[in-house]
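Below are the chains, spelled out letter by letter.
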Amino acid sequence: MYFVVVMKYVIVTGGVLSGLGKGITASSIGVLMKSVGLRVTSIKIDPYLNSDAGTMSPFEHGEVFVLDDGGEVDLDLGNYERFLDVSLTKDHNITTGKVYSSVIERERRGDYLGKTVQVIPHITDEIQDWIERVSTIPTDGGNESPDACVIELGGTVGDIESSPFIEALRQFQFRVGRQNVCFVHVSLVPVMGPVGEQKTKPTQHTVKELRGLGITPDLIVCRSKEPLQQEIKQKLAAFCHVEPRAVISAHDVSNLYQIPISFEKQGVRAMIADCIGLGMSGDDKYLEDWRNMADRVDEFQEEVRIAMVGKYTGLSDSYLSVIKALQHSSIAVNRRLVIDWIESTDLDSSIKHTDGDAHRKAWETLKLADGILVPGGFGNRGVEGKIEAARYARESRVPYLGICLGLQIATIEFCRNELGLRGANSEEFVDNPDSLENKAVVFMPEISKTHMGGTMRLGAKVTPFVIEDCKIKRLYGNPSEVSERHRHRYEVNPELIEEIEAKGMIYVGKDETGQRCEIMELKDHPYYVGTQYHPEFKSRPGRPSPPFLGLLKAAVGEVL
Ligand code: GLN
């Protein structure tokens, strides 16, 4: 254990390509630092101009992760929350948009006293002030400030967008003391030619570029398919101005939990400790637990198949936290998780399919699933297919979990087919909401109709249970209320609640007003649950989210 008096920083940059797994590298380093008893937090820098990720398409940029405080942020913050078991704030995601807004606001206030406001020093100072301020916010649920902060800079070194951040980080090492900062650069070692030679040139170039900008990496993490050969490490060390032991192989592993373990085997923990003056080794119980979890994941033979009915464009990152939450729960039921992705438009029986085979296959896959999940979503594409999936799950008694949109879908289906409300729908999915006769789901009155950014019902809210006993309440451990994160504009029509409940679809959790439906559970069904919130954001390895755990338990045949 260490007593840390000054904040220590690990700064992770990347080169060659995006998508090398900088976030996972940074979180894995965070895990190693936690294992020596440090209180670790993290900051993600995204050099784009958007203020936050809330207005960005998940199909372009991956899922929008939602924080307790309602921040809509980059999905890497989800990796940090899961790996480090922390709760971050919107200020832990710095974007160019936020930094410039803040500087411009101060300029308008007159804070710069007549000076010309410039990228250097005003933007770069703002970035450094921001990092110093945010890194001290307690994030582990207690009141104490963290000891160490892992900072990840998005994008690749050399991008025009990221240059003010690189410059700020270069200056930062002098502001807080070089002995308190460890620079980690993540690069790629591709394999070329018939003999499969590991190529070092891209890494040489990116390190040269980084050093040209005034940052000398202490550690170079190389993504590669196979482990880096010893002579390749030697060569990279020679060309990149680091010791050979500071060249780390980040080769493909069987599952992500193995990465901190693989880093530890290569001495990363000791090297970082040396670099920031913390001595060596620590409490290995923590890492031992990781290792056990990582190994267990590889051992499961028996499968559990979950059908995810959504909109797909090939980017599974759009549902990253849902996938993680399913994985956490599948570990808890000792099964190997198989996710069957079903494009919801393929299920829609009301349209003529140009590819009839896709329609047939989609239904075959759905019917083979042990459980069905309809995740969150926006817009009307694919909605009818989801409604059919919800009906099938309800009537065939297949375990179902509907998240946010998935709860709304289940409600629409129930209104149409059990209450006989013809054409029941959500105001979101029709061109003219005013003429919609049976409104199962309506626009929430407090939501802005003119501004899209940051205006949804967002973040952690308390949901009291309004009934004594039900499956989902038991899964949560029988609390009187739960706190989960939200991101939506529409809700179940309060005027229909009584009618719906009379037929057996019960809203077992409602907000404090008792009007807004939050958790739905169908009577007399093995597991048919919907949540207006997104439970996936608070699922953790070893602490799976209860609604997901319920789905998985029911999917493997456990009676709940
Ligand atoms: N589109 C729906 C709404 O805004 C559902 C949102 C979601 O699934 N996150 O209410």
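Report follows, based on the coordinates. (Residues numbered from 1 in each chain as written. Predicted model: local features only at pLDDT ≥ 70, side-chain atom pairs only at ≥ 80, totals over all residues. Heavy atoms only, no water.)

Considering the environment of S35
Okay, so step 1: Within the element layout of this structure, S35 appears in the loop between α1 (22-34) and β2 (40-46).
Okay, so step 2: By relative accessible area, which is 1% here, S35 ends up buried.
Okay, so step 3: Counting along the chain gives 121 residues from S35 to T156, while the straight-line C-alpha distance between them is 29 Å. (Helix = DSSP H or I, 4+ residues; strand = E, 2+ residues; numbered from the N terminus. Buried < 20%, exposed > 50% of the residue type's maximum accessible area, 1.4 Å probe, protein only.)

As for the site of the ligand
Okay, so step 1: Close contacts around the ligand come from G376, G377, F378, C404, L405, Q408, E428, R487, H488, R489, Y490 and H534, and that covers them all.
Okay, so step 2: R487 is positioned with one of its backbone polar atoms (N or O) 2.9 Å from a nitrogen atom of the ligand.
Okay, so step 3: Contact between the ligand and Y490: an oxygen atom at 2.8 Å from a main-chain N or O atom of the residue.
Okay, so step 4: In isolation the ligand offers 300 Å² of accessible surface; the protein chains occlude 99% of this area.
Okay, so step 5: Secondary-structure elements contributing two or more residues to the shell around the ligand are α16 (405-417) and β19 (481-488).
Okay, so step 6: Its residues assigned to classes, the shell around the ligand comprises four nonpolar, five polar and three charged. (Near = heavy atom within 4 Å. Polar contact = N/O pair within 3.5 Å; in protein donor to acceptor, adjacent residues only side chain to side chain. Areas by Shrake-Rupley, 256 points an atom, 1.4 Å probe, with all protein chains shown as cover. Nonpolar A, V, L, I, M, F, W, Y, C, P; charged D, E, K, R; others polar.)

Quick notes on the side chain of T95
Okay, so step 1: Looking at the element boundaries, T95 is found in strand β5 (residues 93-95).
Okay, so step 2: Taking relative accessible area as the criterion, T95 reaches 0% and is therefore assigned buried.
Okay, so step 3: A polar contact is formed between the side chain of T95 and the backbone oxygen of S51, at a distance of 3.1 Å.
Okay, so step 4: Apart from residues lying up to four places away in sequence, T95 is in contact with D46, Y48, N50, S51 and F165. (Contact = heavy atoms within 4.5 Å.)

What to know about the side chain of E343
Okay, so step 1: Checked against the element boundaries, E343 lands in strand β13 (residues 336-343).
Okay, so step 2: At 3.2 Å, the side chain of E343 forms a polar contact with the side chain of R381.
Okay, so step 3: Contacts of E343, omitting those with residues within four sequence positions, involve G310, K311, Y312 and R381.

A word on the sheet that holds strand β1 (residues 8-14)
Okay, so step 1: Taken in spatial order, the seven strands line up as β5-β2-β6-β1-β7-β10-β11 in an open sheet, and their pairing is parallel. Of all strands in the sheet, those with a lone pairing partner are β5 and β11 (247-251), marking the two edges. In this sheet, adjacent strand axes meet at a mean angle of 20° when their direction is disregarded.
Okay, so step 2: When β2 meets β5, the two strands line up parallel, connected through three bridges. Bridging from a neighbouring strand, D46 pairs with T95 of β5. (Pairing = 2+ DSSP bridges. Axes fitted to C-alpha atoms, helices over the stretch in contact; angles between N-to-C directions.)

As for the nonpolar core
The tendency in soluble globular proteins is for nonpolar side chains to be buried as a group.
Okay, so step 1: One finds M33, F263 and I272 to be the most contacted residues of the largest nonpolar core, which totals 61 residues.
Okay, so step 2: In terms of residue count, α1 provides more of this core than any other element does, six residues in total.
Okay, so step 3: Discounting chain neighbours no more than four positions away, the residues touching I272 are V10, I29, M33, C182 and L219.
Okay, so step 4: The next biggest cluster of nonpolar side chains, apart from the first, holds 45 residues, and it includes W363, L407, F414 and Y507. (Core = buried A, V, L, I, M, F, W, Y, C linked by side-chain atoms within 4.5 Å.)

A look at the pattern of salt bridges
Okay, so step 1: This structure, assessed with the given rule, holds 49 salt bridges.
Okay, so step 2: A salt bridge links R39 to E144; its shortest N-O distance comes to 3.5 Å. You can see R39 sitting in the loop between α1 and β2 and its partner E144 sitting in the loop between α5 (119-135) and β6 (148-153), a full 105 residues away along the chain.
Okay, so step 3: Judged by relative accessible area, R39 falls into the partly exposed class, the value being 26%. (Salt bridge = Lys/Arg side-chain N within 4 Å of Asp/Glu carboxyl O.)

Considering unusual backbone geometry
Okay, so step 1: With an omega of 15°, the peptide bond running from I120 to P121 counts as cis.
Okay, so step 2: Of note, P121 is situated in helix α5.
Okay, so step 3: You will see that N478, though not glycine, has its phi angle at about 60°, which is positive.
Okay, so step 4: With respect to the element layout, N478 can be found in the loop between α17 (471-475) and β19.

A short note on the pairing of strand β17 (residues 439-443)
Okay, so step 1: Counting buried positions along β17 yields four of five residues, so the element is predominantly enclosed.
Okay, so step 2: The sheet contact formed by strand β16 (residues 425-426) and β17 spans two bridges and is parallel. Residue N425 lies in a different strand from β17, and its bridge partner there is K439.
Okay, so step 3: As defined by bridge partners, β17 adjoins strand β20 (residues 490-492) across three bridges and the pair is classed as antiparallel. Within the sheet, the bridge partner assigned to V442 lies in β20 and is E491.

Remarks on the state of the cysteines
Okay, so step 1: Here the structure, examined in full by the defined rule, presents zero disulfides.
Okay, so step 2: Take C222: it sits in no disulfide, and the sulfur closest to it among the cysteines is that of C240, at 7.6 Å.
Okay, so step 3: The buried category is assigned to C222, whose relative accessible area is 0%. (Disulfide = S-S within 2.5 Å.)

Here we look at the packing of helix α15 (residues 383-395) against α16
Okay, so step 1: Contact pair α15 / α16: the axes reach a minimum separation of 9 Å and the direction vectors enclose 70°. What the angle tells us is that α15 and α16 run roughly perpendicular. Every residue of α16 that contacts α15 at V383, E384, K386, I387, A390, R391 and R394 is listed here: L405, I409, A410, I412, E413, F414, R416 and N417.
Okay, so step 2: Tallied by class, residues from the contact of α15 with α16 come to eight nonpolar, one polar and six charged. (Parallel < 35°, antiparallel > 145°, perpendicular 65-115°, else oblique.)

Focus on the environment of V247
Okay, so step 1: As for its position among the elements, V247 is in strand β11.
Okay, so step 2: Once the C-alpha coordinates of V247 and Q234 are considered, the two residues, 13 residues apart in sequence, prove to be 8.2 Å apart.
Okay, so step 3: Residues within four places of V247 in sequence aside, it is in contact with I220, C222, L228, K233, L236, A237, V242 and Q266.

Structural notes on the packing of aromatic side chains
Okay, so step 1: This model, assessed by the stated rule, comprises ten aromatic pairs.
Okay, so step 2: Relative to Y490, the ring of F443 has its centre 5.2 Å away and its plane inclined at 80°; by these criteria the two rings are edge-to-face. Pair noted here: F443 is in strand β17 and Y490 is in strand β20, with a separation of 47 residues, a long-range link.
Okay, so step 3: Assessed through its relative accessible area of 17%, F443 is described here as buried.
Okay, so step 4: For Y490, a relative accessible area of 14% puts it in the buried group.
Okay, so step 5: Aromatic rings pair up to connect F83, Y257 and W290 into one cluster.
Okay, so step 6: Its end group placed over the ring of W130, R133 keeps NZ or CZ at 5.2 Å from the ring centre.
Okay, so step 7: In this arrangement the basic side chain of K449 is found over the ring face of F443, its NZ or CZ atom lying 5.0 Å from the centre. (Phe/Tyr/Trp six-rings, centres within 6.5 Å; stacked < 30°, edge-to-face > 60°. Lys NZ or Arg CZ within 6 Å of the ring centre and 35° of its normal.)

By themselves, these are just geometric observations and shouldn't be taken as functional.
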